[in-house]
Amino acid sequence: MASNGEFSFPNGAPKSPLKKIQTQKKENGICHDDSAPPVKAKTLDELHSLQKKRSTPTTPVKTDNVFSQLSDEDRQKLQLQSISASLASLVRETGPKLVKGDPAQKTDGSKTVSHHHHHHHHHVVVAPTIGVSDSALKFTHVLYNLSPAELYEQAIKYEKGSFVTSSGALATLSGAKTGRSPRDKRVVKDETTEDELWWGKGSPNIEMDEQTFLVNRERAVDYLNSLDKVFVNDQFLNWDPEHRIKVRIVSARAYHSLFMHNMCIRPTPEELENFGTPDFTIYNAGQFPCNRYTHYMTSSTSIDLNLKRREMVILGTQYAGEMKKGLFSVMHYLMPKRHILSLHSGCNMGKEGDVALFFGLSGTGKTTLSTDHNRYLIGDDEHCWSENGVSNIEGGCYAKCIDLSREKEPDIWNAIKFGTVLENVVFDEHTREVDYTDKSVTENTRASYPIEYIPNAKIPCVGPHPKNVILLACDAFGVLPPVSKLNLAQTMYHFISGYTALVAGTEEGIKEPQATFSACFGAAFIMMHPTKYAAMLAEKMQKHGATGWLVNTGWSGGRYGSGSRIKLAYTRRIIDAIHSGSLLNANYTTTEVFGLQIPTEIEGIPSEILDPVNVWADKEAYNDTMLKLAGLFRKNFEVFATYKIGTDSKLTEEILAAGPNF
Ligand SMILES: Nc1ncnc2c1ncn2[C@@H]1O[C@H](COP(=O)(O)OP(=O)(O)OP(=O)(O)O)[C@@H](O)[C@H]1O
Ligand SMILES: O=C([O-])CC(=O)C(=O)O
Ligand SMILES: [Ca+2]
Ligand SMILES: [Mn+2]
């Protein structure tokens, strides 16, 4: 017997050997292990070529447009010429030589190949070469509007930290930056923007000059052209067909391409054929830093916007939200020029066509509350309000995932499936089950998914004029009522204030709530003075008879540390009562100091919580905290006191008077 644990037969070899395997004998003497017909391929390569079928030509050819005369081949060529022009060095005046397709797909990249069974159609554009340099001799491969499946494969093959989760989402890491960098967002100040935009104290627009922009642009373009391959997305913004904007995003990561595929409006194959020249282009060279020897650069990150050139350059941050919110800034410039109001808000619509807007700073509940099983989702974050009604700017949603639960947010939970990008989440290494409570990478974990992943999305994402305008504040001081009805002046006061209070640190121990005031609930994204947007909102609300509401999705019964966050189920009931119209006709009392109208009861909610003072054990502490917050509001509003809102000076005075009185 072997004593080392090895298996052995006790008495040498087995006495009766195993039976010999019998195989079927065919007439010709060749064995077959099954009866299915054999594969029609002689080599493995041939077998693989059978697997992929050539994508069908995109659209039936129409006769009434210029493109219809073009062959598939010529159209592809034009597309590549346009991309080469986008990627042109401004110094060398040449675009790179481009090839379509993955460089890893072994083909002769220097020839136009249109082999029938080949799945990638390789087309080449050789840029005119003026000054010869080494960079002009190489080819850049373009991965143009890849599908989610192709982008998954690219990410998993080439980008560390990319994994498929158990529900089919693509988990990815955004790198050192897991949130936006507002202090590194620069805007070119030129003759036009100097007068048009909001500059100076409080403004999000940090100035840079044209020359510096060009230096950074060249840096980004050279970086992108030095790569083997770049991703290019051609997509749209704004579901209002009259005001649709064509955007091109050039990036170096499949993650970025899939993120924008989800977040922008996806063109139909026909729309893509006729795409032409983009209205706006992003050069995302986020893996590459900016150069601090360059004038204006204060860190290795810079997000640079040039409105005249209609271009944005990203250096030194891979956080994908920069692209989404960068384009939102652009819309905050382009839309008001067309007398359309751009809004940092969620939006949904009831069965009767009643539309509600949800304003609020990050983490206050725009996505959570606009995603409502009983209503149609128009969008979760960025909208336009024009003479035609509301339209979503985007084609997808970007939900916070921290502590996400299937029970509380089933629609968002179910949207996290194949095609969804899951940023910076932690998952089980074996089962790939995501732990949404884990903040090891960041608290700002996010899911980006196409809007149609929400079952009751309203597509196209447009709706009539809003009936309710809901301002969300997550008040960690716990003194704002769970809901208040606002008059127009109060709505404008709170819109301009843009208040929320979150908790500073995520470390243990009780931390002071940090009040944040961000004009128009999105000061980081507006381009003109806040009063410009406020005046437009007031005019539209007045004209269309919308009602304003202030909803506290934050603390109740004490500030952060002693009270607790208002149950999401309660907030949902409040929102339901706003939508149904029942809250409009409830009985109200008016609070001291803030002068807010609060309902005495709402179905399904304990009445005592409606007036925050009731649920604070220590009434004196409540009063002190409320006065402290009122003081912060007053101080913040000082800078706006000298501005007129619109042409109506009566409204301006009313707005000034609509703040806390003490
Ligand atoms: N009473 C409540 N009302 C709303 N949200 C709540 C409430 N209680 C807890 N939450 C949680 O707060 C978070 C709200 O985040 P949400 O994604 O809706 O923010 P957002 O306003 O869309 O921000 P962003 O603009 O950054 O995307 C969610 O994680 C949600 O589960
Ligand atoms: O832009 C982001 O990163 C997330 C977001 O929606 C916001 O902060 O408003
Ligand atoms: Ca959101
Ligand atoms: Mn947002």
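The rules behind each value
Residues numbered from 1 in each chain as written. Chains lettered and ligands numbered in written order. Predicted model: local features only at pLDDT ≥ 70, side-chain atom pairs only at ≥ 80, totals over all residues. Heavy atoms only, no water. UniProt positions renumbered as here; feature names shortened; annotations may be inferred. Donors = N, O, S within 2.8 Å, 3.2 Å for Na, K, Ca; no water. Helix = DSSP H or I, 4+ residues; strand = E, 2+ residues; numbered from the N terminus. Buried < 20%, exposed > 50% of the residue type's maximum accessible area, 1.4 Å probe, protein only. Near = heavy atom within 4 Å. Polar contact = N/O pair within 3.5 Å; in protein donor to acceptor, adjacent residues only side chain to side chain. Areas by Shrake-Rupley, 256 points an atom, 1.4 Å probe, with all protein chains shown as cover. Nonpolar A, V, L, I, M, F, W, Y, C, P; charged D, E, K, R; others polar. 1 Å grid on protein atoms, 1.4 Å probe; cavity = no way out; pocket = protein on both sides within 12 Å on 5 of 7 lines; lining within 4 Å. Points joined across faces, edges and corners; volume = space filled by probe spheres on them. Axes fitted to C-alpha atoms, helices over the stretch in contact; angles between N-to-C directions. Parallel < 35°, antiparallel > 145°, perpendicular 65-115°, else oblique. Left-handed = near helix turned anticlockwise from the far one by under 90°. Contact = heavy atoms within 4.5 Å. Arc of directions from axis to C-beta.

- If you look the chain up in an unreviewed UniProt entry, it shows as phosphoenolpyruvate carboxykinase (ATP) from Aristolochia fimbriata.
- According to UniProt, the comment filed for the chain under the heading Catalytic activity (unreviewed entry) is "oxaloacetate + ATP = phosphoenolpyruvate + ADP + CO2".
- According to the UniProt record, the Subcellular location (unreviewed entry) comment for the chain reads "Cytoplasm".

**Overview of the coordination of the manganese ion (ligand 4)**
Phase 1: Each protein donor to the manganese ion (ligand 4) is listed here as Lys 325 (NZ), His 344 (NE2), Asp 381 (OD) and Asp 381 (OD); together their distances run 2.2 to 2.8 Å.
Phase 2: Written as a sequence motif, the donor residues of the manganese ion (ligand 4) are K-x18-H-x36-D.
Phase 3: The metal-metal distance between the manganese ion (ligand 4) and the calcium ion (ligand 3) comes to 4.8 Å. In this pair, Lys 325 is assigned in helix 9 (residues 321-337) and His 344 in the loop between strand 13 (341-343) and strand 14 (345-349), connecting sequence segments 19 residues apart. The residues Lys 325 and His 344 share a single accessibility class, namely buried.

**With respect to the site of ligand 2**
Phase 1: Within the structure, ligand 2 sits among Arg 180, Tyr 319, Lys 324, Lys 325, His 344, Ser 362, Asp 381, Tyr 398, Arg 446 and Phe 525.
Phase 2: Residue Arg 180 places a side-chain N or O atom 2.6 Å away from an oxygen atom belonging to ligand 2.
Phase 3: In this structure, an oxygen atom belonging to ligand 2 sits 3.2 Å away from a side-chain N or O atom of His 344.
Phase 4: Contact with the protein chains removes 94% of the 260 Å² of surface that ligand 2 exposes when unbound.
Phase 5: Taken together, the residues of the shell around ligand 2 sort by class into 3 nonpolar, 2 polar and 5 charged.

**A short note on empty space enclosed by the protein**
Phase 1: Throughout the structure, instances matching the rule amount to 7 cavities of 30 Å³ or more.
Phase 2: One number sums up the size of the largest cavity: a volume of about 100 Å³.
Phase 3: Together, Leu 87, Ser 89, Arg 92, Thr 94, Gly 95, Pro 96, Lys 97, Ser 135, Ala 136, Lys 138, Thr 140 and Asn 225 line the largest cavity.
Phase 4: In terms of residue class, the lining of the largest cavity is made up of 3 nonpolar, 6 polar and 3 charged.

**Here we look at the packing of helix 12 (residues 488-497) against helix 13 (residues 530-544)**
Phase 1: Helix 13 packs onto helix 12 with a crossing angle of 150° between their chain directions and a minimal axis gap of 10 Å. Viewed along their axes, helix 12 and helix 13 adopt a mutual orientation that is roughly antiparallel. When you trace helix 12 past helix 13, the crossing you get is right-handed. Contacts between helix 12 and helix 13 involve Leu 488, Thr 491, Met 492, Phe 495 and Ile 496 from the former and Tyr 533, Ala 534, Leu 537, Ala 538, Met 541 and Gln 542 from the latter.

**What to know about helix 4 (residues 148-158)**
Since one α-helical turn is 3.6 residues long, residues separated by three or four positions face the same way.
Phase 1: Of all the positions in helix 4, only Pro 148, Leu 151, Tyr 152, Gln 154 and Ala 155 are classed as buried. Buried residues in helix 4, looked at end-on, bunch into an arc of 165°, giving them a common side. Turned more than 90 degrees from where helix 4 packs its buried face, Glu 153 and Lys 157 sit exposed.

**Section: the coordination of the calcium ion (ligand 3)**
Phase 1: In this structure, Thr 367 (OG1) and Tyr 398 (O) serve as the protein donors to the calcium ion (ligand 3), at separations of 2.1 to 3.1 Å.
Phase 2: Relative accessible area serves as the criterion here: at 11%, Thr 367 is assigned to the buried category.

**Observations concerning the site of ligand 1**
Phase 1: Around ligand 1 sit 20 residues in total, of which Ser 362, Lys 366, Thr 367, Glu 409 and Arg 446 are the nearest.
Phase 2: The separation between an oxygen atom of ligand 1 and a polar side-chain atom of Glu 409 is 2.6 Å.
Phase 3: In this structure, Ile 566 approaches ligand 1 through a main-chain N or O atom, which is 2.9 Å from a nitrogen atom.
Phase 4: Here ligand 1, which alone exposes 650 Å², has 91% of that area covered by the protein.
Phase 5: Elements that contribute at least two residues to the shell around ligand 1 include exactly helix 10 (366-370), strand 19 (396-400) and helix 14 (568-580).
Phase 6: Of the residues forming the shell around ligand 1, the biggest block, 3 residues, is contributed by helix 10.

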